[in-house]
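Breakdown of the fold
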Amino acid sequence: MKRTVFFVSESTGITAETLGQSLLSQFDNVDFEQVYMPYINTEARAQALKQRMREAAERDGARPLVFSTMLDSGIADILKQGDCFHLELFEQFVEPLSEELGVSPSRQSGRSHAITKPSMYTKRIEAINFAMANDDGMRPDNFRHADVVLVGVSRSGKTPTSLYLAIHYGLRAANHPLTEDDFEREALPPEVCAVKDKVFGLTIEARRLHLIREERRPGSEYASLARCRNDIRLAHEMLARLGVPVLDTTSQSIEEISAQVLRGLRNSGG
């Protein structure tokens, strides 16, 4: 089954896409052709999009799905009149929330991604800079300033998780790659041990790690399955010996791993 999906907004469309994608993820047997339509902020653009919907319906033999975040009721009405299954995402929540709060909504577009709290915006920028400057163990002397330190073998997901924590939560995340030197010493660097309550280990299934490393260095000893298995085994033994919590990145998203890190920090009082 194939259906065309339009993510529509009078602003960037980030909210429509995010909410829409979450809903569509529940229907993995459907082939969705996704179309992104930000800045539909005039009646002329809405009419043009309405025509595209009609064409999609004729092509697919089924009306397209429309996920919309449209605060202008006039433009929203044009879309609703199109040959489509229309879901106005804000409409489902804004009015009930307004009634509960006893406050009228501003109905200003782009508010959800605007810089409404400059202090938090600044904190996130600083956290991103910190994560980039302290990636791959470049500045172990800075670990004492980190909110969290991730350790794990090469290509286990440390860098993307560090950046996600910085971008979305404003956390100063550093990471340290476990190397042969660490395994020979059978210990983490003293800079990591000094902040052990902020340290989390990342692990990954050996075959998955083998595939990832093969993309970076095809046919190398570094990417061999035997090397991957050995690195992971040694890492597990070291982290278990030191009492460092370990999170498996094999089949979990960055969002899920980050949520576990946040819970761990709260439980440890970090």
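Residues numbered from 1 in each chain as written. Predicted model: local features only at pLDDT ≥ 70, side-chain atom pairs only at ≥ 80, totals over all residues. Heavy atoms only, no water.

**Details of the UniProt feature "binding site: ADP" (unreviewed entry) in the protein**
Worth spelling out the cut-off: UniProt positions are given in the numbering used here, feature names are shortened, and annotations may be inferred rather than shown by experiment. Helical segments are the DSSP runs of H or I of at least four residues, strand segments are the runs of E of at least two, and each set is numbered from the N terminus. Throughout, exposure labels follow a simple rule: accessible area from a 1.4 Å probe, protein chains only, divided by the maximum for the residue type, with under 20% read as buried, over 50% as exposed, and the rest as partly exposed. Two residues qualify as a contact provided that any one of their heavy atoms is within 4.5 Å of a heavy atom in the partner residue.
Under the UniProt annotation, "binding site: ADP" (unreviewed entry) lies at Gly152, Val153, Ser154, Arg155, Ser156, Gly157, Lys158 and Thr159. By secondary structure assignment, the location of arginine 155 is in the loop between β5 (148–152) and α6 (158–169). Its relative accessible area of 38% is what places arginine 155 among the partly exposed residues. When sequence neighbours within four positions are dropped, the list of residues in contact with arginine 155 reads Ile204, Leu209, Ile212, Arg213, Arg216 and Tyr222.

**Points about the side chain of threonine 69**
The condition that has to hold: Distance and chemistry together define a polar contact, namely a pair of N or O atoms within 3.5 Å, with one atom able to donate a hydrogen and the other to accept it when in protein, and with adjacent residues in sequence counting only for side-chain atoms on both sides.
Its place among the elements puts threonine 69 in strand β3 (residues 65–69). A polar contact is formed between the side chain of threonine 69 and the side chain of serine 9, at a distance of 3.2 Å. When near neighbours in sequence (up to four residues on either side) are disregarded, threonine 69 contacts Val8, Ser9, Glu10, Thr15, Ala16, Glu88, Leu89 and Phe90.

**Notes on the sheet that holds strand β7 (residues 199–203)**
Applied cut-off: DSSP calls a pair of strands paired once it identifies at least 2 bridges connecting them. As a rule, the C-alpha atoms of each element are fitted with a line to give its axis, helices using only the stretch in contact, and angles between N-to-C directions run from 0 to 180 degrees.
What the four strands build is an open sheet, ordered β6-β5-β7-β8; its pairing is parallel. Looking along the sheet, the strands with just one partner apiece sit at the ends: β6 (173–177) and β8 (246–248). Each neighbouring strand pair of the sheet contributes to a mean axis angle of 30°, computed without reference to strand direction. Across four bridges, β5 lies against β7 in parallel orientation. From the neighbouring strand, valine 149 faces β7, where its bridge partner is valine 199.

**Looking at the pairing of β6**
To keep it simple, the criterion reads: A clockwise path from the first strand over the helix to the second, with the strands pointing away from the viewer, defines a right-handed crossover.
Counting buried residues along β6, five of its five residues qualify, which places the element largely inside the surrounding structure. Side-chain alternation along β6 places Ala173, Asn175 and Pro177 on one buried face and Ala174 and His176 on a second face that is also buried. As paired strands, β5 and β6 are joined by five bridges and run parallel to one another. When the bridges of β6 are listed, glycine 152 appears paired with proline 177. Note that the unit made of β5, α6 and β6 has a crossover that is right-handed.

**Considering the packing of aromatic side chains**
What counts, and what does not: Two aromatic rings from Phe, Tyr or Trp, using only the six-membered ring of Trp, form a pair when their centres are within 6.5 Å; if the ring planes differ by under 30 degrees the pair is stacked, by over 60 it is edge-to-face, and anything between is tilted. The rule is short: NZ of Lys or CZ of Arg within 6 Å of the ring centre and within 35 degrees of the ring normal puts a charge over the ring.
Taken as a whole, this structure holds three aromatic pairs when the rule is applied. Ring centres 5.8 Å apart and planes at 15° place the aromatic pair phenylalanine 7 and phenylalanine 67 in the stacked group. On the criterion of sequence distance, the pair formed by phenylalanine 7 in strand β1 (residues 2–9) and phenylalanine 67 in strand β3 is long-range, its members being 60 residues apart. For the pair phenylalanine 7 and phenylalanine 67, one class covers both residues: buried. Ring pairs connect the aromatic residues Phe7, Tyr36 and Phe67, which therefore count as one cluster. It is arginine 213 that lies over the ring of tyrosine 222; its NZ or CZ is 4.5 Å from the centre.

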